[in-house]
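# Coordinate analysis (summary)
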Amino acid sequence: FARKLRILMDITEFFEENKIEFLSATESIDTSNPFGKAMLGFMGILSELERENILLRTKGGREEAIRQGKLMGANAPYGYDKDEKGHLVVLKSEAEIVEMIFSLFTSGGLSPQKIADTLKEQQIVSPEISAINNKKRRGQARKTNPIHFWRMETVRSILEDEVYVGTRYYDKTVKGKRLPKNQWKVSEFRHEPIIPQPLFDLAQKILS
């Protein structure tokens, strides 16, 4: 019926208010008598307990996989692909563009918007199209923008992402709300960096 006891109780109350009785063909549940109501409540408690155990096992397995450096469920970030073990590996064609972005920003003095314009002028395909071309994701592009369209926000997110120095954070949000960076968790596994740490630090200094 429900994996949460509160929801089950709401349904039971709705049944009572509308003179609806529930009889199970496989369990001893008949809400027309007190024993049946108690049995339904007891099974609701067991269902919620099982749900919590499943969530705990799933979360534990996910955190262990992340600790070992595996990318869970998501597409590899721009500049990387996944190997057969789920570890991030450098994707040369995209990594060269990441290096270009950092160079244009730190040495060339270009703003993220100007870098986005430059990439468009040089007909560099967008990260979304590149992911499809390199079979990092399936399907077609979700938007109708030109294949060489780059957003300023995309460039800035690349400049700010520690993944390019070999560090991967996770659990950045709780219930859809973004947490402060000091509350993020970091994987102990270090993948191959694309950008050296001093260059990344310089980019952060300029951005701030």
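Our structure is the block above this text.
The sections below set out a description of the structure shown in this document.

### Observations concerning the environment of Tyr-170
- Note that Tyr-170 resides in strand β3 (residues 169–170).
- Sequence separation between Tyr-170 and Ser-187 is 17 residues; the distance between their C-alpha atoms is 7.4 Å.

### Details of the side chain of Glu-162
- For Glu-162, the position within the fold is in the loop between α6 (152–160) and β3.
- Apart from the residues lying within four places of it in its own chain, the contact partners of Glu-162 are Thr-167, Tyr-169, Lys-181 and Phe-200.

### Structural notes on the pattern of salt bridges
- Scanning the entire structure with this criterion turns up 3 salt bridges.
- Between Glu-160 and Arg-156 there is a salt bridge, with its nearest N and O atoms 3.1 Å apart. Residue Glu-160 and its partner Arg-156 are both found in helix α6; the two are separated by 4 residues, about one turn of the helix.
- Assessed through its relative accessible area of 31%, Arg-156 is described here as partly exposed.
- Across the pair Glu-162 and Lys-181 runs a salt bridge whose closest N-O atoms are separated by 2.0 Å.

### A short note on helix α7 (residues 197–207)
- All of the buried residues along α7 are Phe-200, Ala-203 and Leu-207. Buried residues in α7, looked at end-on, bunch into an arc of 60°, giving them a common side. Turned more than 90 degrees away from the buried face of α7, the exposed residues are Pro-198 and Lys-205.
- Considering only its buried residues, α7 is in contact with α3 (92–106) and α6.

### Let's talk about the packing of aromatic side chains
- Evaluation of the coordinates by the stated rule reveals 5 aromatic pairs.
- An angle of 85° between the planes, with centres 5.6 Å apart, marks the rings of Tyr-78 and Trp-150 as edge-to-face. Residue Tyr-78 is found in the loop between α2 (34–67) and β1 (80–82), and its partner Trp-150 is found in the loop between α5 (127–133) and α6; the two are separated by 72 residues along the sequence.
- A relative accessible area of 4% places Trp-150 in the buried class.
- For the ring pair Tyr-80 and Tyr-164, a centre distance of 6.2 Å and an interplane angle of 20° mean the geometry is stacked. With a gap of 84 residues between them, Tyr-80 in strand β1 and Tyr-164 in the loop between α6 and β3 connect regions that are remote in the sequence.
- Since its relative accessible area comes to 0%, Tyr-80 is described here as buried.
- What links up through ring pairs into an aromatic cluster is the set Tyr-80, Phe-102, Tyr-164 and Phe-200.

### Remarks on unusual backbone geometry
- In this model, Lys-19 sits at a positive phi of 55°, which is unusual for a non-glycine residue.
- Checked against the element boundaries, Lys-19 lands in the loop between α1 (5–17) and α2.
- The backbone of Lys-135 shows a phi angle near 60°, a positive value even though the residue is not glycine.
- The residue Lys-135 is located in the loop between α5 and α6 in this model.
- Among the residues examined, Lys-135 registers a relative accessible area of 75% and is labelled exposed.

### Digging into α6
- Within α6, the full set of buried residues consists of Val-155, Ile-158 and Leu-159. The buried residues of α6 all sit within an arc of 100° when viewed along its axis, so they share a single face.
- Residues of α6 that are buried sit in contact with α3, α4 (112–121) and α7.

### Things to note about a nonpolar patch on the surface
- Residues Phe-42, Leu-46 and Leu-49 make up a contiguous nonpolar surface patch of about 300 Å² in total accessible area.
- By the element assignment, Leu-49 lies in helix α2.

### Side note on the nonpolar core
- In terms of nonpolar packing, the biggest core is built from 28 residues, with Ile-101, Phe-102, Trp-150 and Tyr-164 touching the most fellow members.
- Elements with a contribution of two residues or more to this core: α3, α4, α6 and α7.
- With 7 residues, α3 is the single largest residue contributor to this core.
- With near-sequence residues (within four places) excluded, Phe-102 lies in contact with Ser-107, Ile-158, Leu-159, Tyr-164, Ile-195, Leu-199, Phe-200 and Ala-203.

Each value, and the rule that gives it
- Residues numbered from 1 in each chain as written.
- Predicted model: local features only at pLDDT ≥ 70, side-chain atom pairs only at ≥ 80, totals over all residues.
- Heavy atoms only, no water.
- Helix = DSSP H or I, 4+ residues; strand = E, 2+ residues; numbered from the N terminus.
- Contact = heavy atoms within 4.5 Å.
- Salt bridge = Lys/Arg side-chain N within 4 Å of Asp/Glu carboxyl O.
- Buried < 20%, exposed > 50% of the residue type's maximum accessible area, 1.4 Å probe, protein only.
- Arc of directions from axis to C-beta.
- Phe/Tyr/Trp six-rings, centres within 6.5 Å; stacked < 30°, edge-to-face > 60°.
- Patch = residues over 30% accessible without salt bridge, like charges linked within 9 Å, V, L, I, M, F, W, Y side chains within 5 Å.
- Areas by Shrake-Rupley, 256 points an atom, 1.4 Å probe, with all protein chains shown as cover.
- Core = buried A, V, L, I, M, F, W, Y, C linked by side-chain atoms within 4.5 Å.

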